[in-house]
Amino acid sequence: MKAQNLIDLFAEALEVPPDTLNRDMKIEEVEDWTSLTWLTIMALLDEQYQVELDAKSIRGFQKIGDIIDYIGTKTTVEG
Amino acid sequence: MTSEAYIHAIAVHLPKSSVTNEQLHLENPDWEMDRIAQKTGIEARHIASPGETASDLAWAAAERLFEDNSADRSEIDYVLFCTQSPDYFLPATACILQHRLRLPVTCGAIDFNQGCSGYVYGLQLASALVRSGTARKVLLLTGETYSRYIHPRDRSVRVLFGDAGSATLISNMPGGARIIDSVVGTDGGGWQNLIVPAGGARMPKDADAQVESEDENGSIRSQANLYMQGQELFAFTLKRVPPMVKQLLAKTGISDTDVDMFVFHQANAFMNEHLRAKMGIDAAKTPLYLREIGNTVSNTIPLTLCSLESKLESGKKVMLAGFGVGYSWGASLLEWGAVKLMPSQSMDQVPNDAAQVLEGSSE
């Protein structure tokens, strides 16, 4: 998968256009990124890429790029 | 001995008062109830009144079985009561229920502490008692009042859980729904993720334990309240439930396409829908029944079964699956038969949304 696919996936969970998100954004500063958003992301990742996200990793994420890097350790993510 | 165990009757009972999403929004203007309802599929939950306990709810369900003559109290020789909201630390609430339901003194009576897997556990235990000849007529009761443990300002659990009770008669008399087989599993490594920490022996309910604090999502609770780490529960469910379903199919030699109905624990619409899609099961085979009642823990499976009267016919294969607090999980396969189903009387106004599918679902 490509990093952009993941940005698209986060945008789908947030119901915002993908170009409003980028790697360097702080998650806590993204409007409406709630605990429900995380559940949606967990479901979409599991459904589309068979990647499991756990709560401990989620607590460690600061920026959107951190999530992409973490997923990169589980599967191949291209630039 | 090749005795089999059959379910003959199921009655459920909901407390009268109901808390709607509108009421929750009035109390907590910062709770975005429309968005939450879209995910959870829950619009209201029935809540026990002050002084009304889980055993009161189970008692009311059991009395309906007796009043209807679906069960004869003099013939019950074992009562199993599943609850995480017992009346007292001791005695066992099942003993109080034996007395209150006027069951024979020759009757065995025990409580067992399980949550969302509890109904399946009860069927497995009842089936084992009946098949071994230890008991002939087992009364399986479930009753839960998580509302007592929930802080009114804790959004993560208050929007989800409702109170309810159920009663099921299991015996060796052919004719009902045959309990073909069951599987259960446990991963106590997740014990901290759905818990009431204080009030038992490990953590006394002292002044310290009752200090309230606000978490990162703005929810308020103390150690004496129910706590749920929703992301962990979701990850656990995705990891354990599909293999459990496969395990039971393999054990019984039945293929998934031969199962006519999958009655899953009603956790929330989002989780159930994702689980269904992950396992590739038809939406028509996985009823959702929580819009007006919420997640009622060990009561969700009997409540859903009671909503399915017209859809369940003799000979159909029905799989029940419970999963949650513990972590604990279990599944039972039934061959449906003549089962008297008694929906809650206070459910008269509740629409039968058995075929409801989550809006906005990707499948």
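Just so it is clear, the model here is predicted, and its values are computed rather than measured.

Listed as interface residues are 12 residues of chain A and, on the opposing side, 14 residues of chain B. Contributions of two or more residues to the side of chain A that touches chain B are made by α2 (35-49) and α3 (55-60) of chain A. With eight residues, the top contributor of residues to the side of chain A that touches chain B is α2 of chain A. Here the residues of the side of chain A that touches chain B are counted per class, giving seven nonpolar, one polar and four charged.

Across the interface, α2 of chain A lies against helix α7 (residues 230-252) of chain B with an axial gap of 10 Å and an inter-helix angle of 20°. Relative to α7 of chain B, the element α2 of chain A is oriented roughly parallel. Here the hand of the crossing between α2 of chain A and α7 of chain B comes out right-handed. Contacts from S35, W38, L39, M42 and D46 of chain A of α2 of chain A reach α7 of chain B at G230, Q231, F234, A235 and L238 of chain B. For the contact of α2 of chain A with α7 of chain B, the class distribution of residues is six nonpolar, three polar and one charged.

As a further point, take the pairing of strand β1 (residues 6-13) of chain B. Residues and elements named next belong to chain B. The element β1 is extensively covered by neighbouring structure, given that eight of its eight residues are classed as buried. Two strands pair when backbone bridges link them, and β1 and strand β8 (residues 177-186) are joined in this way by two bridges, in the antiparallel orientation. Looking across to β8, one finds that Y6 is bridged to R178. Where β1 meets strand β7 (residues 164-171), seven bridges bridge the pair, whose relative direction is antiparallel. Looking at the pairing, H13 lines up with G165 of β7. Bridge analysis of β1 against strand β16 (residues 340-342) gives three bridges, and the strand direction is parallel.

Okay, the confidence of the model for chain A next. Overall, the predicted model of chain A reaches an average pLDDT of 91, with 99% of residues at or above 70. Ranking the elements of chain A by mean pLDDT puts α3 of chain A last with 90 and helix α1 (residues 3-14) of chain A first with 93.

Here the focus is the pairing of strand β15 (residues 328-335) of chain B. Residue and element names in this part refer to chain B. Where burial is concerned, most of β15 is hidden: seven out of the eight residues are buried. By the bridge criterion, eight bridges tie strand β14 (residues 317-324) to β15 in an arrangement that is antiparallel. Across the sheet, residue M319 finds its bridge partner in β15, namely L333. Counted along the chain from β14 to the antiparallel partner β15, the turn is three residues long, and its residue G326 has a positive phi close to 145°.

Another aspect to go through is the confidence of the model for chain B. All names here are of chain B. Overall, the predicted model of chain B reaches an average pLDDT of 94, with 94% of residues at or above 70. When the criterion is pLDDT under 50, residues 348-363 qualifies, and its contacts beyond four places in sequence or with other chains add up to 23 contacts. Two summary scores accompany this predicted model of the complex, namely pTM at 0.92 and ipTM at 0.85.

How each quantity is defined
- Residues numbered from 1 in each chain as written.
- Chains lettered and ligands numbered in written order.
- Predicted model: local features only at pLDDT ≥ 70, side-chain atom pairs only at ≥ 80, totals over all residues.
- Contact = placed C-beta atoms within 7 Å.
- Helix = DSSP H or I, 4+ residues; strand = E, 2+ residues; numbered from the N terminus.
- Nonpolar A, V, L, I, M, F, W, Y, C, P; charged D, E, K, R; others polar.
- Axes fitted to C-alpha atoms, helices over the stretch in contact; angles between N-to-C directions.
- Parallel < 35°, antiparallel > 145°, perpendicular 65-115°, else oblique.
- Left-handed = near helix turned anticlockwise from the far one by under 90°.
- Buried ≥ 20, exposed ≤ 12 C-beta atoms within 10 Å, placed from the backbone.
- Pairing = 2+ DSSP bridges.
- pLDDT = per-residue confidence, 0-100.

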